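Take a look at the letters that make up each chain.
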Amino acid sequence: MADTVKTNLDPQLDRRGFLKGCTIAAAALGLSDAMIPKLVEAAATAERPRVIWLHFQECTGCTESLLRSSHPDIGRLILDIISLDYHETVMAAAGHQAEQNLHDTVDNHPFILVVEGAIPTKDNGIYCKIAGKTAMDILAEVAPKASAIIAIGTCATFGGVQAAAPNPTGAVGVMDLVSDKPIINIPGCPPNPISFLGTILHYLTFKRLPALDSLNRPLFAYGRRIHDHCERRAHFDEGRFVEQYGDEFHKLGYCLYKVGCKGPETFSNCPVVRFNDVDVWPVSVGHGCIGCTEPNFWDTMTPFYERLPMVKIPATGIVKKADKVGKTILAATAAGIGIHAAVGIGKSLIKGKKKDEEA
Ligand code: FSX
Ligand code: SF4
Ligand code: F3S
């Protein structure tokens, strides 16, 4: 079927790129190859949902990682399967014309709202203003009219760096202010564009939003713990750790736990989906995970270069007892994780996948 689908997409996005993007998204969604034609058809023929993309307190890294990805096809594919009616970084309009575009869509059409950046609430929200209005006022005006809201990046989901103690502007994420709308959180600082693409393609293909975890994150992208899919995991289990960046163990690719890796407490698809055409992720290039998809990670995961606090690692290098080392650490970190109830998430992930494939 894939070969017969006709698209009216950007001519720069050739058929190969289009199929490649859909294939990557299908893999990220955990769908079998048999579902690719269905995804391709939906991406090519479904009505493009209108999207209003608001920027508040942030660094624009979420947008940049999407647009400048070394998978140019992914960025183009995203921009082609949605109708991006308002986005301050990429739209040609400015000033009053831009405001007009925003109001035309918000008042006259169904739309999905994407929010990038935290919302400051202290002192009536005066720390972030656009066109004379505070971020709080803009959100209060636009959110009630949206069909659904996607909070992209850890700033929009959990407040991000702005909300780090002592949170001088009272920054919060979207779900702290909006409660009566479907909210999908796609955290990461910045998140992988594939997680956003997968969410949109899921919506177009199955006409509903993907299954979410207790923090409103799509299970297909955030249902797995980094540590459980890490290529350095065997070193962890055997008690082989980097003691210091640049040491001989670092060069050998040992586990980064003792130099601060937060993979055991972080839920994300990074080791599986990886980033860009170069096919890497932080740990594969020798840096520990800093837990950027988790709430308040600037406070709870710091110091970034110190190991997770609740675990005491026995002296390493004793290969005989190494397996026990890994298991002891796991038990302790699992107790520290708590909220995610990894087993339960695993079960609902499988259920969600089955449902999608049956759809
Ligand atoms: Fe926040 Fe997005 Fe971190 Fe930046 O804009 S999630 S600061 S990388 O990118 O909102
Ligand atoms: Fe990988 Fe980090 Fe876990 Fe070590 S602690 S196995 S580097 S995720
Ligand atoms: Fe963030 Fe850790 Fe992935 S730092 S990008 S969640 S490896």
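Our structure is the block above this text.
This section reports on the structure supplied with the text. For clarity, every value in this text was computed on a predicted model and none was experimentally measured.

## Looking at the site of ligand 1
All residues adjacent to ligand 1 are Glu-58, Cys-59, Thr-60, Gly-61, Cys-62, Glu-116, Gly-153, Thr-154, Cys-155, Gly-188, Cys-189 and Pro-190. One of the side-chain N or O atoms of Glu-58 is found 2.9 Å from an oxygen atom in ligand 1. In the model, an oxygen atom of ligand 1 is placed 2.8 Å from a nitrogen or oxygen of the Cys-62 main chain. Those elements giving two or more residues to the shell around ligand 1 turn out to be α3 (61-67) and α7 (153-158). For the shell around ligand 1, the leading source of residues is α7, giving 3 residues. Class assignment for the residues of the shell around ligand 1 results in 5 nonpolar, 5 polar and 2 charged.

## Brief notes about helix α5 (residues 95-108)
Its 14 residues place the ends of α5 20 Å apart at the C-alpha level, agreeing with the 20 Å of an ideal helix rising 1.5 Å per residue. Of the positions making up α5, those classed as buried are Ala-98, Glu-99, Leu-102, Thr-105 and Val-106. Relative to the axis of α5, the buried residues are bounded by an arc of 130 degrees and lie together on one face. Across from the buried face of α5, at angles greater than 90 degrees, the exposed residues are His-96, Gln-97 and Asn-108.

## Thoughts on the packing of helix α2 (residues 36-45) against helix α8 (residues 193-206)
Where α2 meets α8, the closest approach of the two axes is 9 Å, and the angle between their N-to-C directions is 90 degrees. In this view, α2 runs roughly perpendicular relative to α8, as classed from their interaxial angle. Taken together, the residues of α8 that come into contact with α2 (itself represented by Lys-38, Leu-39, Ala-42 and Ala-43) are Leu-201, Leu-204 and Thr-205. Grouping the amino acids of the contact of α2 with α8 by side-chain chemistry returns 5 nonpolar, 1 polar and 1 charged.

## So, the nonpolar core
In terms of nonpolar packing, the biggest core is built from 39 residues, with Ile-81, Ile-150, Phe-196 and Leu-197 touching the most fellow members. The dominant element in this core, judged by the number of residues it contributes, is α8, at 7 residues. In this structure, Tyr-86, Leu-102, Val-106 and Ala-146 belong to the second largest nonpolar core, which totals 27 residues.

Cut-offs applied
Residues numbered from 1 in each chain as written. Chains lettered and ligands numbered in written order. Predicted model: local features only at pLDDT ≥ 70, side-chain atom pairs only at ≥ 80, totals over all residues. Heavy atoms only, no water. Near = heavy atom within 4 Å. Polar contact = N/O pair within 3.5 Å; in protein donor to acceptor, adjacent residues only side chain to side chain. Helix = DSSP H or I, 4+ residues; strand = E, 2+ residues; numbered from the N terminus. Nonpolar A, V, L, I, M, F, W, Y, C, P; charged D, E, K, R; others polar. Expected span 1.5 Å × (residues − 1). Buried < 20%, exposed > 50% of the residue type's maximum accessible area, 1.4 Å probe, protein only. Arc of directions from axis to C-beta. Axes fitted to C-alpha atoms, helices over the stretch in contact; angles between N-to-C directions. Parallel < 35°, antiparallel > 145°, perpendicular 65-115°, else oblique. Contact = heavy atoms within 4.5 Å. Core = buried A, V, L, I, M, F, W, Y, C linked by side-chain atoms within 4.5 Å.

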